[in-house]
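Inside the fold
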Amino acid sequence: MTVTTQRASSSNVTAIAGYLAFIVIGMAAGLLGVAWPAMRLQYELGLDAVAILLTANTAGYLTSSFVSGLVAERISYGRMFVLGLGMICAGMFGMSAAPGWILLIAAWGMVGAGGGLIDAGMNGYMAAHHSARVMNWLHASFGVGLTIAPLIMGWAVAESGPGWNLGFAAVGAMTAVMFGAFLFLQGRWLPPPVHHHPETGVSSRAALVRVVRSPLVWLSVLMFMMYAGAEVLPGQWGFPLFTEARGMNAERAAFWVSAFWLSFTVGRIFFGAIMPYLNLTILQRSCMAGTLVGAVLFWWNPSEVVGIAGILIAGFSQAPIFPLFMINTPKILGAARAQYAIGFQVAGAGLGIALLPGLAGIVASRISLEVIAPFLVVTVAILIVISEVLPLFAVRSAPTAVPQAAGD
């Protein structure tokens, strides 16, 4: 086998492994929305108590995302991914077996920390060593996990089901299998690049300082935060909105939440296939507009069909936006800043996943669950404004060209 063939084989293996890891973190992200109504009844908690779990998850996610670049440099990508999967596995079984509310919070925080290591690390690795198509399909795999999770938890919390604890245990068992596979594959990953740039004389520490001090970086982090909140809101709050405010039974509501994530996943696969043939700027703007239209229909809801159609349109339209944002990071910020900035952006996305649905839950507990839909509309509108403003400054700020991806 030639060196070129060996590299291609290793590249294919790491791409497939990345897809599987993202299915795992997608399943982790998709469980709580369906499980929460049963969980809060068992623990006699208010609707907005989910914000505590989301905050714990995000604290772990943010911390691990911020340090993911340094962790990869110290222990390698392969070992970091094994560590992340181990934390998710332990957290899932912790959720299943925890005897009290405090331990549930700790377990969900551990799930977030593991997910942050995998999310930030895998995004950085794929951006450096794979193509835009692989990046899009990586995030399609996240959507596969999000699609599967409501079905698993819907089965668990159904009237004849075994209970929400078993839903978390089932995903924990799947994660344990993935953990074993990554132990075997940990030597396949290429080492992190040495963060010293001869052409600019910028060391890794100086590059990190520049990232922290750059207003453009923090604006991009805000953009990722708003996007992630808009992506998760229908999945997190769709089930209680459908069951408690719009009169659906639990099985049907779980089906439509799963269908939302399925539309999202189908969109990721579809756009991943046609992306090389499209103008990416036009694609991004079109998908932003489609997301806004879907959110408005979800809010308007003159009939059940229109409301459901709204979240399906929003899910499909959102599909390529995060990968497009990620692909554009080196263009906007420069290649020298991108490695660290991606960790910040993923952390921002994690903050958005917790902060915006948590804030929506607080508002809904004081007004009505129907406030979730207009909250989504406002979030998408703000996202559109930021995404249009950011490139205006990026053209003057990016000091280096985008490196070519190494594989497909």
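Being a predicted model, the structure only gives us computed values, none of them experimental.

A few points about unusual backbone geometry
Its identity is not glycine, yet Glu44 carries a phi of approximately 55 degrees, on the positive side. Considering the arrangement of structural elements, one finds Glu44 in the loop between helix H1 (3-43) and helix H2 (50-75). The phi dihedral of Asn301 is positive, around 45 degrees, even though this residue is not glycine. Mapped onto the elements, Asn301 comes out in the loop between helix H10 (280-300) and helix H11 (304-318). Residue Asn301 is classed as partly exposed on the basis of its relative accessible area, which comes to 21%.

Focus on the packing of helix H4 (residues 101-129) against helix H5 (residues 132-157)
Here H4 crosses H5 at 155 degrees, and the two axes come no closer than 9 Å. With respect to each other, H4 and H5 are oriented roughly antiparallel. The two elements H4 and H5 cross, and the hand of that crossing is right-handed. On the side of H4, the interface is formed by Met122, Asn123, Met126 and Ala127, while H5 contributes Val134, Met135, Leu138 and His139.

Description of the confidence of the model for the chain
The predicted coordinates ought not to be read in detail in places where the model reports low pLDDT. Across the chain, the average pLDDT comes to 83, with 88% of residues at 70 or higher. Below pLDDT 50 for its whole length, residues 1-6 participates in one contact with residues either more than four positions away or in separate chains. Predicted confidence is poor over residues 196-201, with pLDDT under 50, and the contacts of this stretch with residues over four places away or in other chains come to five contacts.

Digging into H4
When the terminal C-alpha atoms of H4 are compared, their 42 Å separation across 29 residues agrees well with the 42 Å that a helix rising 1.5 Å per residue should span. Of all 29 residues in H4, 23 are buried, a share of seventy percent or more.

A look at H10
For H10, built from 21 residues, the straight-helix expectation of 30 Å at 1.5 Å per residue is met to within 8% by its first-to-last C-alpha distance of 30 Å. Those residues of H10 lying buried are Leu283, Gln284, Cys287, Met288, Gly290, Thr291, Gly294, Ala295 and Phe298. Down the axis of H10, the buried set is contained in an arc of 165 degrees. They therefore lie on one face. Looking at H10, the residues exposed on the side facing more than 90 degrees away from the buried face are Ile282 and Trp300. For H10, the capping residue at the N-terminal end is Asn279, with a side-chain oxygen 3.0 Å from the backbone nitrogen of Thr281. Positioned one or two residues after H10, Asn301 has a phi angle of 45 degrees, which is positive.

Digging into the pattern of salt bridges
Throughout the structure, instances matching the rule amount to five salt bridges. A salt bridge links Arg285 to Glu388; the shortest N-O distance between them is 3.0 Å. Here Glu388 lies in helix H14 (residues 372-397) and Arg285 lies in helix H10, a separation of 103 residues in the sequence. The class for Glu388 is partly exposed, based on a relative accessible area of 32%.

Some points on the packing of aromatic side chains
Applying the stated criterion to the full structure yields 24 aromatic pairs. Relative to Trp101, the ring of Trp36 lies with its centre 6.1 Å away and its plane at 45 degrees, an arrangement referred to as tilted. In this pair, Trp36 sits in helix H1 while Trp101 sits in helix H4, placing the two residues 65 residues apart along the sequence. Comparing Trp36 with Trp101 shows no difference in burial state: the two are buried. Judged by centre distance (5.9 Å) and plane angle (85 degrees), the rings of Trp164 and Phe168 are edge-to-face. One end of the pair is Trp164 and the other is Phe168, both in helix H6 (residues 164-185) and four residues apart, which spans about a single turn. With a relative accessible area of 4%, Trp164 lands in the buried category.

Some remarks on the nonpolar core
Judged by nonpolar contacts, the single largest core of 124 residues is most densely connected at Met39, Met92, Met122, Phe168 and Phe182. Among the elements that take part in this core, H1 stands out by supplying 16 residues, more than any other.

A few points about the side chain of Ser64
Within the element layout of this structure, Ser64 appears in helix H2. Residues in contact with Ser64, not counting those within four places in the same chain, are Gly112, Ala113, Gly116 and Leu117.

Conventions we followed
- Residues numbered from 1 in each chain as written.
- Predicted model: local features only at pLDDT ≥ 70, side-chain atom pairs only at ≥ 80, totals over all residues.
- Heavy atoms only, no water.
- Helix = DSSP H or I, 4+ residues; strand = E, 2+ residues; numbered from the N terminus.
- Buried < 20%, exposed > 50% of the residue type's maximum accessible area, 1.4 Å probe, protein only.
- Axes fitted to C-alpha atoms, helices over the stretch in contact; angles between N-to-C directions.
- Parallel < 35°, antiparallel > 145°, perpendicular 65-115°, else oblique.
- Left-handed = near helix turned anticlockwise from the far one by under 90°.
- Contact = heavy atoms within 4.5 Å.
- pLDDT = per-residue confidence, 0-100.
- Expected span 1.5 Å × (residues − 1).
- Arc of directions from axis to C-beta.
- Polar contact = N/O pair within 3.5 Å; in protein donor to acceptor, adjacent residues only side chain to side chain.
- Salt bridge = Lys/Arg side-chain N within 4 Å of Asp/Glu carboxyl O.
- Phe/Tyr/Trp six-rings, centres within 6.5 Å; stacked < 30°, edge-to-face > 60°.
- Core = buried A, V, L, I, M, F, W, Y, C linked by side-chain atoms within 4.5 Å.

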